[in-house]
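Observations on the model geometry
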Amino acid sequence: MNYTATRYVFNESAVREYFSGAYYDLFLVMRGNGIFRCPDAVLPAQQQNLIIFKPGRGGRLEYPGAYGPLELIRVQLSPEALALLSDADTDLEKSFNVVPFHQVAVRPDSQIYMLLKNLARKMIVLPQEKTQFGAAVFEHGILQMFVVLALRACIHAEFHTAAVSRHHLMLDEVFLFIQAHLTEELTLERLEKEFFVSREHIAREFKRQTGQTVHRYIVKARLDRCCTLIEQGLPITEVYKTSGFGGYNHFFRAFKKEYGMTPKAYFSTTRQDARG
């Protein structure tokens, strides 16, 4: 099947050009913050975002390298691959082309993002599993689920295609600052002092441009960090202490509300995925 899945990790400041060519190009941001500077828009390459280029489109990835690494998984799918993944009821390439964009950044909800992240990681190791039982059927299912979830994210998420303004650039710095200080106390008052911009302006612009409050963004960023630490095998009793949550009860309630399962259940799920 004509597709590729590639993992990129940038630990220092970098600028890199990407072009989709004849493929549908999907970049899932696993961690970190950067931007894709495209001919018609500037797209935020922030943790939990999905960047999509249709064929013949491209952009320049700019990563400042100031606050931790940037990790992306790039999935390229040819029209032929999408045709093979389609069925009698769903034409996946046609579905991509119904959505009115050439290049876009969407932010899937947390549960779809978790599934996309797990599927993308699995796609990276699929070439190593060619000899396993039912490898072709398994590969087809993984790819099909990834594309369907990406399209659902496009349907349900708000598109962020507006050109970057001065305020957008300021918010890019806010995103980076939050990611760098997740384990510390983060308030609008602290951001006001850090960026010399009123807390009211930060709150208003943040809500306008992301669709969520600063507090909500911080909680989701901390939860995503918790998921990564759980996947790495850190004891759950230690996870919340290194992610900025004030106490276990706060962490437990926020995790279950966001993902529909307890941290322990998530750990069990990741162990099963690793074995299977």
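Before any of the text, the structure's been laid out above.
Okay, so let's go over this structure. The structure presented is a predicted model; accordingly, all values stated were derived computationally and were not measured. (Residues numbered from 1 in each chain as written. Predicted model: local features only at pLDDT ≥ 70, side-chain atom pairs only at ≥ 80, totals over all residues. Heavy atoms only, no water.)

Attention shifts here to the overall build of the protein chain. Along its length, the protein chain carries 11 helices and nine strands. The C-alpha radius of gyration of the protein chain comes to 19 Å, within 12% of the 19 Å expected for a compact globule of 276 residues. The principal-axis extents of the C-alpha atoms in the protein chain amount to approximately 55 × 45 × 35 Å. Counting over 276 residues, the protein chain shows a buried share of 49%. Taking all contacts inside the protein chain whose residues are at least 6 apart in sequence as the whole, residues at least 24 apart take part in 71%. Carbon and sulfur atoms provide 53% of the accessible area of the protein chain, an area that totals close to 13,600 Å². Distance from the positive charge centre (33 side chains) to the negative charge centre (29 side chains) of the protein chain: 5 Å. (Helix = DSSP H or I, 4+ residues; strand = E, 2+ residues; numbered from the N terminus. Rg over C-alpha atoms; globule rule 2.2 N^0.38 Å. Buried < 20%, exposed > 50% of the residue type's maximum accessible area, 1.4 Å probe, protein only. Contact = heavy atoms within 4.5 Å. Areas by Shrake-Rupley, 256 points an atom, 1.4 Å probe, with all protein chains shown as cover. Lys, Arg positive; Asp, Glu negative; His and termini not counted. Charge placed at Lys NZ, Arg CZ, Asp CG, Glu CD.)

With that settled, consider the packing of aromatic side chains. By convention here, two paired aromatic rings are described through the distance between centres and the angle between planes. Throughout the structure, instances matching the rule amount to 19 aromatic pairs. Measuring from ring centre to ring centre gives 6.5 Å for Tyr-8 and Phe-10, while their planes differ by 5°; the resulting arrangement is stacked. Of the residues examined, Tyr-8 reaches a relative accessible area of 13% and is grouped as buried. Between Phe-36 and Phe-53 the ring centres are 5.6 Å apart and the planes differ by 80°, which places this aromatic pair in the edge-to-face class. (Phe/Tyr/Trp six-rings, centres within 6.5 Å; stacked < 30°, edge-to-face > 60°.)

It is worth spelling out the pairing of strand 4 (residues 33-37) at this point. Counting buried positions over the five residues of strand 4 gives four, a clear majority of the element. Bridging between strand 4 and strand 5 (residues 42-46) involves five bridges; their strand directions are antiparallel. Of the residues in strand 5, the one forming a bridge with Gly-34 is Ala-45. Between strand 4 and the antiparallel strand that follows it, strand 5, lie four residues. (Pairing = 2+ DSSP bridges.)

Between the first and last C-alpha of helix 4 (residues 135-156) there are 32 Å, a value that for 22 residues agrees with the 32 Å anticipated at 1.5 Å per step. Among the residues of helix 4, Ala-135, Glu-139, Ile-142, Leu-143, Phe-146, Val-147, Leu-149, Ala-150, Leu-151, Ala-153 and Cys-154 are the ones counted as buried. (Expected span 1.5 Å × (residues − 1).)

What follows is about the packing of helix 8 (residues 214-231) against helix 10 (residues 248-259). Two numbers describe how helix 8 lies on helix 10: the axes approach to 10 Å, and their chain directions differ by 90°. Viewed along their axes, helix 8 and helix 10 adopt a mutual orientation that is roughly perpendicular. Note on element contacts: helix 10 touches helix 8 through Phe-251, Ala-254, Phe-255, Glu-258 and Tyr-259, opposite Arg-216, Val-219, Lys-220, Leu-223, Asp-224, Cys-226, Cys-227 and Ile-230. Here the contact of helix 8 with helix 10 is composed, by residue class, of nine nonpolar, no polar and four charged. (Axes fitted to C-alpha atoms, helices over the stretch in contact; angles between N-to-C directions. Parallel < 35°, antiparallel > 145°, perpendicular 65-115°, else oblique. Nonpolar A, V, L, I, M, F, W, Y, C, P; charged D, E, K, R; others polar.)

Sheet strands pair by backbone hydrogen bonding; their relative direction is either parallel or antiparallel. Taken in spatial order, the five strands of this open sheet run 1-8-3-6-9, and their pairing is antiparallel. The open sheet is flanked by strand 1 (3-10) and strand 9 (103-106), the only strands paired with a single partner. Averaged over all adjacent pairs, the angle separating strand axes in this sheet is 15°, with direction ignored. Here seven bridges tie strand 3 (residues 24-31) to strand 8 (residues 70-77), and the two strands are oriented antiparallel to one another. What sits directly across from Leu-26, in strand 8, is Val-75.

As a further point, take the environment of Pro-39. Along the polypeptide, Pro-39 turns up in the loop between strand 4 and strand 5. When the C-alpha positions of Pro-39 and Ile-218 are compared, they lie 31 Å apart, and in sequence the two are 179 residues distant.

Right, let's get into the pattern of salt bridges. Summed over the entire model, instances satisfying the criterion amount to 17 salt bridges. Close ionic contact of Glu-71 with Arg-7 constitutes a salt bridge, the shortest N to O distance being 2.9 Å. With Glu-71 in strand 8 and Arg-7 in strand 1, this pair connects stretches of sequence that are 64 residues apart. With a closest N to O distance of 2.8 Å, Glu-205 and Arg-208 form a salt bridge. (Salt bridge = Lys/Arg side-chain N within 4 Å of Asp/Glu carboxyl O.)

On to the packing of helix 6 (residues 188-195) against helix 7 (residues 199-210), then. At a closest axis distance of 8 Å, the pairing of helix 6 and helix 7 adopts a crossing angle of 105°. With respect to their mutual orientation, helix 6 and helix 7 come out roughly perpendicular. Residues Leu-188, Glu-189, Leu-191 and Glu-192 of helix 6 pack against Arg-199, Ile-202 and Ala-203 of helix 7. Taken together, the residues of the contact of helix 6 with helix 7 sort by class into four nonpolar, no polar and three charged.

It is worth spelling out the sheet that holds strand 5 at this point. The strand order 2-7-4-5 describes an open sheet built from four strands, whose pairing is antiparallel. Strands at the two margins of the open sheet, each flanked by one partner only, are strand 2 (14-19) and strand 5. For this sheet the average axis-to-axis angle between neighbouring strands, irrespective of direction, equals 25°.

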